[in-house]
Amino acid sequence: MATIGDFDPLNSTVPATKIEITVSCRNLLDMDTFSKSDPGNCLLSHTDSSHSSFICFGRTEVIDNTLNPDFVRKFVLDFFFEEKQNLRFDDFLGQMFCTLGEIIGSPGGRLERTLSGIPGKKCGTIIFTAEELSNCRVSITTMQFCANKLDKKDFFGKSDPFLVFYRSNEDGTFTICHKTEVIKNNLNPVWQPFTIPVRALCNGDYDRTVKVDVYDWDRDGSHDFIGEFTTSYRELSRGQSQFNVYEVKKMKTKKRQSATRNTFHFGHKTTKVPKIFSKTYFLLIVTQLNFTVAIDFTASNGNPSQPTSLHYMSPYQMNAYAMALKAVGEIIQDYDSDKLFPAYGFGAKLPPDGKISHAFPLNFNTENPNCVGIEGVLEAYFQSLRTVQLYGPTNFAPVINQVARSAAEVTDGSQYFVLLMITDGVISDMAQTKEAVVNVSIHINIMLFLLSSAMEELDGDEVRVSSRGRFAERDIVQFVPFRDYIDRSGNQVLSMARLAKDVLAEIPDQLLSFMKSRGIEPRPPLPITSDSPSPLYNLKIWKGRSIQPWLKS
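- Under an unreviewed UniProt entry, the name given to the chain is C2 domain-containing protein, and the source organism is Oreochromis aureus.
- UniProt lists a comment for the chain under the heading Sequence similarities (unreviewed entry), and it reads "Belongs to the copine family."

Below you can see the structure in the form of structure tokens.
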């Protein structure tokens, strides 16, 4: 039974994002003699918590006589940006592996892959389409109510009215979702504007009943019931109109009160209904992550030929730099469609003249610093270790500014820049780095891996980083004390999975904050049809779309 009490829907816990996966196939290999194949009963599996084996998640239905099935049965999965969620799809022709991140990170949330299973045969293609399950991306802002000639409930004064809003449930019960402030001694109150998510008001069903109770406040908590009325989000969204004048009914006595004594009006002082987009929606629809790596090549890391060095090139296991890079990179690369990652080093002497550089491409190609995939970054990193001389000092500002210049060229929200800096934490240009952080805080997000010492001065959790009286627009530097994730039992797989989860968990919220601060609203990508030559072709068109301004209250 609902009770009157404090309730804050804006700060209530929201469950993990639900993603609905739709499966289709095209040009399947015909396995029947006298008719077309009957595809279906296809199995979707995902890895268990230890990532060591696959477990069954569900199956599609069977569709008779078609080589181009569109399966009706959906798969609903919990999506965690910061985790690598491996999927396997098995059918009568073979199997296909991918991650949930790859599907979401594909243009428009649509991933197309070739089926393999019969050597020498073209088995066809499989298409996964992802959609955020909730279609509720609208928020009512500055919604305001007023009333005329309410009942007088107090003996020595007028009523002290307040409103309580309830969302109807499937079983006919009601759940409280908002309570207004109390207006003392007033029969014609005008309540303050308030903001409430549509999810809290009607769970995305615009025609679901919303009940509003009117009470007279009493100090002892025995609030007097004045009456109630019902409406819906669809009616409320119309603003000031004949549909938004409500006659209060005192249902407890089943008697209808006078329309002139208890008439409510939906206030039209400043009513706006802007679109609110979730962080998953940006990942699905409009934004590609642009992931850049910067690695510390200063002498304080130790001689790479010695086991005590953080750069030690052991033939048996990865060093700390490689583990950090692989743990984060293998997840974040799913959200970068071209899998091309700029990778830099800083603090080394370069051949042939021994010039010190604080932002050199790991592949030594100044025109094109991109490496293909995380494996390409690792390969370039190991090659650089064999080529350059670790030196110093440890200057962060040059590589931060290098990435910022690229980020400043993209203003439509089609890309979000993330810089992963891996260092031993001994910094030499703190003043210049603070200046760089303040300057680039609008453009990029920085993940700073500390492999040894701490660095509190760049931590903006409590106080924003500042330089010469200016403060960073956002807290963009995230610190990761790498040593806290070293598994003493030697299980690197689990420790690196935990590392990646903690590091990447903040990126979706940072992305959403960035888009709102820039006034960017996503527009859906151009539709991908069966005639489209490839997802890559559509990506090129899609990145060129203009972005409409974000509506602000």
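Text resumes after the structure shown.
## Side note on the nonpolar core
Stage number 1. In this structure, Ile21, Phe128, Phe291 and Phe297 are the most contacted members of the largest nonpolar core, which totals 76 residues.
Stage number 2. Tallying contributions element by element places helix H5 (residues 320-332) first for this core, with 10 residues.
Stage number 3. The contact partners of Phe128, leaving out residues within four places of it in the chain, are Ile21, Thr22, Val23, Phe89, Met96, Cys98, Ile103, Gly109, Arg110 and Leu111.
Stage number 4. Ranked by size, the runner-up nonpolar core spans 30 residues in total, among them Ala147, Leu150, Cys177 and Ile196.

## A look at the side chain of Asp336
Stage number 1. Among the structural elements, Asp336 can be located in the loop between H5 and strand E20 (340-346).
Stage number 2. Each residue touching Asp336, except ones within four places of it in the same chain, is listed here: Gln288, Leu289, Asn290, Phe291 and Phe341.

## Description of the packing of aromatic side chains
Each aromatic ring pair is summarised here by two numbers: the centre-to-centre distance and the angle between the ring planes.
Stage number 1. For the structure shown, the criterion picks out 18 aromatic pairs.
Stage number 2. Ring geometry for Phe145 and Phe194: centres 6.5 Å apart, planes at 10 degrees, overall stacked. With Phe145 in strand E9 (residues 139-148) and Phe194 in strand E12 (residues 194-197), this pair connects stretches of sequence that are 49 residues apart.
Stage number 3. With a centroid separation of 5.7 Å and 80 degrees between ring planes, the pair formed by Phe291 and Phe341 is classed as edge-to-face. Of this pair, Phe291 sits in strand E19 (residues 288-296) while Phe341 sits in strand E20, placing them 50 residues apart in sequence.
Stage number 4. Cluster of aromatic residues (ring-pair linked, three or more members): Phe297, Tyr321, Phe360, Phe364, Tyr381 and Phe382.

## Focus on unusual backbone geometry
Stage number 1. Here the bond from Pro351 into Pro352 is cis, since omega is 5 degrees, no more than 30 degrees from zero.
Stage number 2. Its location among the elements puts Pro352 in the loop between strand E21 (348-350) and strand E22 (355-357).
Stage number 3. Backbone torsion omega between Gly392 and Pro393 reads 0 degrees, so that peptide bond is classified as cis.
Stage number 4. Following the sequence through the fold, Pro393 ends up in the loop between strand E25 (389-390) and helix H7 (397-408).
Stage number 5. Even without being glycine, Lys149 reaches a positive phi, approximately 55 degrees.

## Observations regarding the pattern of salt bridges
Stage number 1. Tallied over the full model, the rule gives 12 salt bridges.
Stage number 2. Of the charged contacts in the structure, one is a salt bridge between Arg113 and Glu102, with a shortest N-O distance of 2.6 Å. One end of the pair, Arg113, is in strand E7 (residues 110-114); the other, Glu102, is in helix H1 (residues 100-105), and 11 residues separate them in sequence.
Stage number 3. We classify Glu102 as buried; its relative accessible area is 16%.
Stage number 4. With a shortest N-O distance of 3.3 Å, Glu112 and Arg110 are connected by a salt bridge.
Stage number 5. Three or more residues joined by partner-sharing salt bridges are found here, namely Lys84, Lys326, Glu330 and Glu375.

## Observations regarding helix H6 (residues 373-387)
Stage number 1. Compared with the 21 Å implied by 1.5 Å per residue over 15 residues, the 21 Å span of H6 between its first and last C-alpha is a close match.
Stage number 2. Among the residues making up H6, those that are buried are Gly373, Ile374, Gly376, Val377, Leu378, Ala380, Tyr381, Ser384 and Leu385.
Stage number 3. Here the buried face of H6 lies against E19, H5, E20, strand E23 (360-361), strand E24 (370-372) and E25.

## Overview of a negative patch on the surface
Stage number 1. Together, Asp30, Asp32, Asp38 and Asp64 line one region of the surface with negative charge.
Stage number 2. By the element assignment, Asp30 lies in the loop between strand E1 (17-26) and strand E2 (43-47).

## Remarks on the pairing of strand E5 (residues 86-91)
Stage number 1. The element E5 is extensively covered by neighbouring structure, given that five of its six residues are classed as buried.
Stage number 2. Note: E2 against E5, four bridges, orientation antiparallel. Paired with Leu43 across the strands is Asp90, a residue of E5.
Stage number 3. Pairing between E5 and strand E6 (residues 94-99): six bridges, direction antiparallel. Paired with Asp90 across the bridge in E6 is Gln95.
Stage number 4. The antiparallel hairpin formed by E5 and E6 contains two residues in its connecting segment.

## What to know about the sheet that holds E5
Stage number 1. A sheet is described by the order of its strands in space; here four strands give the open sequence E3-E2-E5-E6, paired in antiparallel fashion. With one partner strand each, in any of the chains shown, strand E3 (54-59) and E6 form the two edges of the open sheet. Strand after strand, the sheet turns through a mean of 25 degrees between neighbouring axes, direction not considered.

The rules we used
- Residues numbered from 1 in each chain as written.
- Predicted model: local features only at pLDDT ≥ 70, side-chain atom pairs only at ≥ 80, totals over all residues.
- Heavy atoms only, no water.
- UniProt positions renumbered as here; feature names shortened; annotations may be inferred.
- Core = buried A, V, L, I, M, F, W, Y, C linked by side-chain atoms within 4.5 Å.
- Buried < 20%, exposed > 50% of the residue type's maximum accessible area, 1.4 Å probe, protein only.
- Helix = DSSP H or I, 4+ residues; strand = E, 2+ residues; numbered from the N terminus.
- Contact = heavy atoms within 4.5 Å.
- Phe/Tyr/Trp six-rings, centres within 6.5 Å; stacked < 30°, edge-to-face > 60°.
- Salt bridge = Lys/Arg side-chain N within 4 Å of Asp/Glu carboxyl O.
- Expected span 1.5 Å × (residues − 1).
- Patch = residues over 30% accessible without salt bridge, like charges linked within 9 Å, V, L, I, M, F, W, Y side chains within 5 Å.
- Areas by Shrake-Rupley, 256 points an atom, 1.4 Å probe, with all protein chains shown as cover.
- Lys, Arg positive; Asp, Glu negative; His and termini not counted.
- Charge placed at Lys NZ, Arg CZ, Asp CG, Glu CD.
- Pairing = 2+ DSSP bridges.
- Axes fitted to C-alpha atoms, helices over the stretch in contact; angles between N-to-C directions.

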